[in-house]
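Structural features, examined
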Amino acid sequence: MKRLVRKMILPVVVVAFLAMGAVVCLSILARKHVTVESLILMAEGELNSRVHVGQAELSLFKFPATLTLKDVALSERDSETSKPPSERTPLNPESAPVHVREISLSVSLVALLRKRVQVREFVFHDPRLAITLYEEGGMSLDKLLRKPGPAGDGAELPGPGRTGGGLREMGGKLNAKSLNVYAQGFLGEMREVRFEDASIDFIIEKTGMVVEARRVNMRFDRMEIDPSALEETNTARAEIEAEVRIDAVESPGVRYAEFDFEGPAEASLFDPESGDLDLDIRGGFELGEGSYINARIPLVQRGWAAMQKLRGLGIKIGDLPEKALPGRSRTVAVHYHDQRFTVEEPISIWYNDWEVAVLEGTSVHSGTAEHRARVEVIASEQLSNKFYGQIGRGVDIVPKALRPILMDEVEETWFRDGRLLAEITTEGELSRPSIDLQNKFPDLKEIVRKAGKKILGDQVGDAIKGLLGD
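Being a predicted model, the structure only gives us computed values, none of them experimental.

Scoring rules and cut-offs
Residues numbered from 1 in each chain as written. Predicted model: local features only at pLDDT ≥ 70, side-chain atom pairs only at ≥ 80, totals over all residues. Heavy atoms only, no water. Buried < 20%, exposed > 50% of the residue type's maximum accessible area, 1.4 Å probe, protein only. Helix = DSSP H or I, 4+ residues; strand = E, 2+ residues; numbered from the N terminus. Arc of directions from axis to C-beta. Contact = heavy atoms within 4.5 Å. Patch = residues over 30% accessible without salt bridge, like charges linked within 9 Å, V, L, I, M, F, W, Y side chains within 5 Å. Areas by Shrake-Rupley, 256 points an atom, 1.4 Å probe, with all protein chains shown as cover. Salt bridge = Lys/Arg side-chain N within 4 Å of Asp/Glu carboxyl O. Lys, Arg positive; Asp, Glu negative; His and termini not counted. Charge placed at Lys NZ, Arg CZ, Asp CG, Glu CD. pLDDT = per-residue confidence, 0-100. Phe/Tyr/Trp six-rings, centres within 6.5 Å; stacked < 30°, edge-to-face > 60°. Core = buried A, V, L, I, M, F, W, Y, C linked by side-chain atoms within 4.5 Å.

A separate point is helix H7 (residues 381-390). Within the span of H7, buried status applies to Leu383, Ser384, Phe387 and Gln390. All buried residues of H7 project into a common sector of 115° when viewed along the axis, lining one side. Turned more than 90 degrees from where H7 packs its buried face, Glu381, Gln382 and Asn385 sit exposed. On the buried face of H7, the contacting elements are strand E19 (354-358), strand E22 (415-416) and strand E23 (419-429).

Here the focus is the environment of proline 90. Here proline 90 shows up in the loop between strand E2 (65-76) and strand E3 (98-107). Using a relative accessible area of 74% as the deciding quantity, one classes proline 90 as exposed. Separated by 38 residues in sequence, proline 90 and histidine 52 place their C-alpha atoms 8.9 Å apart.

Taken together, the side chains of Glu239, Glu241, Glu262 and Glu286 define an acidic patch exposed on the protein surface. Note on placement: glutamate 241 falls in strand E11 (residues 235-247). Classification of glutamate 241 as partly exposed rests on a relative accessible area of 32%.

Low pLDDT means the predicted atomic positions in that stretch should not be read closely. Chain-level statistics for the protein give a pLDDT mean of 77 and a share of 73% at 70 or above. Segment residues 10-31 is flagged for pLDDT under 50; beyond a separation of four residues in sequence, or across chains, it makes eleven contacts in the model.

Our focus in this paragraph is the packing of aromatic side chains. What the rule picks out here adds up to four aromatic pairs. Judged by centre distance (4.7 Å) and plane angle (5°), the ring pair of phenylalanine 124 and phenylalanine 195 falls under stacked. A residue pair is termed long-range when its members are at least 10 positions apart, and phenylalanine 124 in strand E4 (residues 117-133) and phenylalanine 195 in strand E8 (residues 193-204) qualify at 71 residues. Judged by centre distance (5.2 Å) and plane angle (65°), the ring pair of phenylalanine 261 and phenylalanine 285 falls under edge-to-face.

A word on helix H6 (residues 298-307). An α-helical turn contains 3.6 residues, so any two residues separated by three or four positions project in the same direction. Residues of H6 that are buried: Pro298, Val300, Gly303, Trp304, Ala306 and Met307. Among the structural elements, strand E12 (255-270), strand E18 (347-351), E19, strand E21 (370-378), E23 and strand E24 (434-437) are those in contact with the buried residues of H6.

Quick look at the environment of glutamate 94 now. Looking at the element boundaries, glutamate 94 is found in the loop between E2 and E3. Glutamate 94 sits in the exposed class, given a relative accessible area of 63%. The sequence separation of glutamate 94 and alanine 73 amounts to 21 residues, and the corresponding C-alpha distance is 8.2 Å.

It is characteristic of soluble globular proteins that their nonpolar side chains tend to be buried jointly. Grouped together as the largest cluster of nonpolar side chains are 88 residues, with contacts concentrated most on Phe220, Ile349, Tyr351, Trp354, Val377, Trp414 and Leu420. Residue contributions to this core peak at six residues, all from E12. Excluding its chain neighbours within four sequence positions, the residues that come into contact with valine 377 are Met307, Trp354, Glu355, Val356, Leu420, Leu421, Ala422 and Ile424.

Attention shifts here to the pattern of salt bridges. As enumerated under the stated definition, the model contains 26 salt bridges in all. Arginine 215 is the partner of glutamate 243 in a salt bridge, and the nearest nitrogen-oxygen pair spans 3.7 Å. In this pair, glutamate 243 sits in strand E11 while arginine 215 sits in strand E9 (residues 210-220), placing the two residues 28 residues apart along the sequence. With a shortest N-O distance of 2.5 Å, aspartate 221 and arginine 219 are connected by a salt bridge. According to the relative accessible area criterion, arginine 219 is partly exposed, its value standing at 35%. Connected through shared salt-bridge partners, Glu121, Glu192, Arg194, Glu196, Arg219, Asp221 and Arg237 make up one network.

Right, dumping it as structure tokens:
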């Protein structure tokens, strides 16, 4: 029996020692080849960037194996990239458009042996990004992430083009405007990707406006990327939270808006046709207590100025408060694609007792600052009752006896369910919006004509209209 046990244990022990020896040898070999210089050269072979890596640590004795990179930066490719990294003029990571304090990557060694990248965890700690959004479309990050080569030339297909869900036939070239799944040849699975405490500055080229995103935390669940079946392996679920600040360009020291939000989202990452990075994100987010919009935003001021026309009917709406706060609903449903944010559900905002509803379909292009919006301005029930009682006061052209007709006309076009309502459309640049008040103002001359017609007959009513002028 003892001999049998020894015979069974001995092979197991031998295999264990061989496995340990293989891991040790693999670790030594990996450490020899995974150096800061080799990583920089490898990255620069795949990205159109100059790459800086401050430190690299590889641990194969952990399960899963972990690669940690510290002080990583990407900047525009320059003449220094033709030199060995050790001979280059030092790059200041703090001034680079992309700087990450630490990147940790945990991979499955078993999957690597099968020539498949299976990332257990991919974490970006404290990334700092400065991204310019171009007026003609695209962003500065695209140039850094695309495959190296002359701009616009594209990259050669890694294999014969296939249709029916595989690599697309595009004249033997890839678009490769940015990080391209076909050019890079991704084939792998990422179980979890996280961005922790990121800071992102979006610079709108056309206006110079900077949108600051701080305390950005994003967690993407399992993502599988297979270039030969990209349409089926191109989506991820995410949890996103951030604080966003928007400051005025022409009025230093004025903050237009501040939002903090969090919630789930779904994202597709690449364009299945070209293979380019092409984020398409839909999310529903809860707004935090500190969220607000400044009343000094040009769009808000011009919309409120349009409402002042109600003074002609004897209605005084008062001045804008300093800040607007989220209203009855504190959720925002937004779709982002091709630099355009589109509201998918109405957003409620309160200016004191006034409610402003930004309706679904409202959109803003982040690169051009162009927008198109439908807005409803709704007074509270208490104020609406007060305003209803004010209708006709100060309108000298309408005799008191005819004012009920004026009230009926105003109620039909300016009230909904007892609430005073203004319907506004706005479009153009956010800083110079074109405002159109959709509610038609009562034609006082027509009201007088109707009253004369009602009281004295058609001919008298037409005569009154003639006296007042067409």
